[in-house]
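Descriptive structure summary
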Amino acid sequence: MSAAIDASPEVTILARGVTKTYGSGAVAYQALRGVDFEARAGEFVMLNGPSGSGKTTLLSILGCVLTPTSGEVQLFGETISGRKESALPRLRLAYIGFIFQGHNLIASLDARDNVALPMRMRGYGVREANREAERLLERVGLSDKIDRQSKELSGGQRQRVAIARALAGSPPIVLADEPTASLDAETGATVTNLLKELAREAGHTVVVVTHDNRIFHLADRIVHIEDGHIVDHPV
Ligand SMILES: Nc1ncnc2c1ncn2[C@@H]1O[C@H](COP(=O)(O)OP(=O)(O)O)[C@@H](O)[C@H]1O
Ligand SMILES: [Mg+2]
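First things first, this report covers the structure right here in the doc. (Residues numbered from 1 in each chain as written. Chains lettered and ligands numbered in written order. Predicted model: local features only at pLDDT ≥ 70, side-chain atom pairs only at ≥ 80, totals over all residues. Heavy atoms only, no water.)

1. Overview of the overall build of the chain
When you go through the chain residue by residue, the secondary structure sums to six helices and 10 strands. Here the chain has a C-alpha radius of gyration of 18 Å; the compact-globule value for 235 residues is 18 Å, and the two agree. Dimensions along the principal axes, computed over C-alpha positions, put the chain at roughly 50 × 40 × 40 Å. A buried classification covers 46% of the 235 residues belonging to the chain. When contacts within the chain are restricted to residue pairs at least 6 apart in sequence, those whose partners lie at least 24 apart make up 70%. Within the structure as shown, the chain displays about 11100 Å² of accessible surface, and the carbon and sulfur contribution to it stands at 49%. A distance of 5 Å separates the average location of the 26 positive side-chain charges in the chain from that of its 28 negative side-chain charges. (Helix = DSSP H or I, 4+ residues; strand = E, 2+ residues; numbered from the N terminus. Rg over C-alpha atoms; globule rule 2.2 N^0.38 Å. Buried < 20%, exposed > 50% of the residue type's maximum accessible area, 1.4 Å probe, protein only. Contact = heavy atoms within 4.5 Å. Areas by Shrake-Rupley, 256 points an atom, 1.4 Å probe, with all protein chains shown as cover. Lys, Arg positive; Asp, Glu negative; His and termini not counted. Charge placed at Lys NZ, Arg CZ, Asp CG, Glu CD.)

Listed below in structure tokens is the structure:
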């Protein structure tokens with residue numbers, strides 16, 4: 001097919017032969033054993049696999065939190081593998097919104113400040129960051145909780161704040177590590193739907209790590225990982 005009629009969205013995440021070994025010598029453990037992965041703009045991909053299969057490790061490498069031991073990773077055509085750890089914060093700021101396992105909000109900050117913080121780090125002024133934080137908190141249904149400290153919020157509400165924070169400043173890639181693990185089925189589905197809707201509007205690439213089969217139906221594509229390998233047909 002010629003490039004001119006290929007209307008596929010841009011490949012935003014590309015991983016080839018990625019390995020990750022933790023530790024060295026007798027205690028070395030190879031958590032990723034040659035992973036190929038790609039995702040495109042606007043795609044909502046789920047990464048599924050048993051506990052210990054390497055999901056968090058892969059997401060952390062794609063999210064510029066960890067460096068791979070070998071292999072190549074590109075974000076928007078920029079090679080990020082082989083870089084020093086000191087290069088990672090700039091790459092994270094440029095490309096990544098991260099929803100961590102257990103949300104990682106700052107307990108003593110109110111919802112607005114939790115969401116505004118990454119925008120301030122991206123160079124937005126206070127007023128603009130606050131305005132955008134309030135807009136996003138309204139979108140996730142928390143307009144009445146803007147001034148609440150995160151420790152005063154329920155699990156589902158915190159996860160909504162974490163989504164707003166990951167989308168703040170519109171990073172083109174949004175990564176979420178088991179975002180529904182601590183939520184009941186209904187709240188989990190609502191929160192995942194919300195992430196999907198907001199991300200789609202903005203054309204973000206979203207990768208959600210999960211083994212929550214209650215949300216699989218929301219994925220555009222499900223990628224399975226076992227023992228550090230991507231597998232076509234999970235058992
Ligand atoms: N910092 C670390 N040091 C040593 N081993 C680790 C470290 N992080 C993860 N591992 C090991 O790597 C494997 C994959 O872990 P992880 O990516 O967290 O899997 P998952 O998210 O699928 O549960 C597991 O066997 C885990 O024990
Ligand atoms: Mg994990």
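2. Quick notes on the nonpolar core
Membership of the largest hydrophobic core comes to 36 residues, with the highest contact counts inside it found for Ile-99, Val-115, Leu-137, Val-140, Val-161 and Leu-195. Among the nonpolar cores identified, the runner-up in size contains 28 residues, and Ala-15, Leu-32, Ile-61 and Val-209 belong to it. (Core = buried A, V, L, I, M, F, W, Y, C linked by side-chain atoms within 4.5 Å.)

3. Regarding the packing of aromatic side chains
Considering all chains together, one arrives at two aromatic pairs under this definition. With 5.6 Å between their ring centres and 5 degrees between their planes, Phe-76 and Tyr-95 make a pair best called stacked. Of this pair, Phe-76 sits in the loop between β4 (70-75) and β5 (78-79) while Tyr-95 is found in helix α2 (residues 88-95), placing the two residues 19 residues apart along the sequence. Relative to Phe-100, the ring of Phe-98 has its centre 4.6 Å away and its plane inclined at 15 degrees; by these criteria the two rings are stacked. Given a relative accessible area of 31%, Phe-100 falls into the partly exposed group. Residue placement shows Arg-33 over the ring face of Tyr-29; its charged tip is 5.9 Å from the ring centre. (Phe/Tyr/Trp six-rings, centres within 6.5 Å; stacked < 30°, edge-to-face > 60°. Lys NZ or Arg CZ within 6 Å of the ring centre and 35° of its normal.)

4. Looking at the site of ligand 1
Around ligand 1, the neighbouring residues are Tyr-22, Tyr-29, Ala-31, Pro-50, Ser-51, Gly-52, Ser-53, Gly-54, Lys-55, Thr-56 and Thr-57. At 3.2 Å from an oxygen atom of ligand 1 is found a main-chain nitrogen or oxygen belonging to Ser-53. A distance of 2.8 Å is found between an oxygen atom of ligand 1 and a side-chain nitrogen or oxygen belonging to Lys-55. Expressed as a share of its isolated accessible area of 560 Å², the protein-covered part of ligand 1 is 58%. Of the residues belonging to the shell around ligand 1, the class tally is four nonpolar, six polar and one charged. (Near = heavy atom within 4 Å. Polar contact = N/O pair within 3.5 Å; in protein donor to acceptor, adjacent residues only side chain to side chain. Nonpolar A, V, L, I, M, F, W, Y, C, P; charged D, E, K, R; others polar.)

5. Looking at the pattern of salt bridges
This model, assessed by the stated rule, comprises 13 salt bridges. Across the pair Arg-139 and Glu-201 runs a salt bridge, and its minimum N-O distance is 3.1 Å. Taken together, the positions of Arg-139 in helix α4 (residues 126-139) and Glu-201 in helix α6 (residues 185-202) put the pair 62 residues apart, joining distant regions of the chain. Residue classification places Glu-201 among the exposed residues on the basis of a relative accessible area of 54%. Among the ionic pairs, Arg-214 bridges to Asp-212, the shortest N-O distance being 2.7 Å. Judged by relative accessible area, which is 10%, Asp-212 ranks as buried. (Salt bridge = Lys/Arg side-chain N within 4 Å of Asp/Glu carboxyl O.)

6. As for the packing of helix α5 (residues 155-167) against α6
One way to put it is that α5 packs onto α6 with a least axis distance of 10 Å and a crossing angle of 15 degrees. What the angle tells us is that α5 and α6 run roughly parallel. Handedness of the α5/α6 crossing: right-handed. Facing α5, whose interface residues are Gly-156, Gln-159, Arg-160, Ile-163 and Leu-167, α6 presents Thr-187, Thr-190, Val-191, Leu-194, Leu-195 and Leu-198. Each residue belonging to the contact of α5 with α6 can be placed in one class, and the counts come to six nonpolar, four polar and one charged. (Axes fitted to C-alpha atoms, helices over the stretch in contact; angles between N-to-C directions. Parallel < 35°, antiparallel > 145°, perpendicular 65-115°, else oblique. Left-handed = near helix turned anticlockwise from the far one by under 90°.)

7. Here's the deal with the packing of helix α3 (residues 111-121) against α4
Where α3 meets α4, the closest approach of the two axes is 8 Å, and the angle between their N-to-C directions is 125 degrees. Viewed along their axes, α3 and α4 adopt a mutual orientation that is oblique. Considering only the axes of α3 and α4, their crossing is right-handed. Each of Ala-111, Arg-112, Asp-113, Val-115, Ala-116, Met-119 and Arg-120 in α3 lies in contact with α4, whose residues at this interface are Val-126, Ala-129, Asn-130, Glu-132, Ala-133, Glu-134, Leu-136 and Leu-137. Looking at the contact of α3 with α4, its residues break down into nine nonpolar, one polar and five charged.

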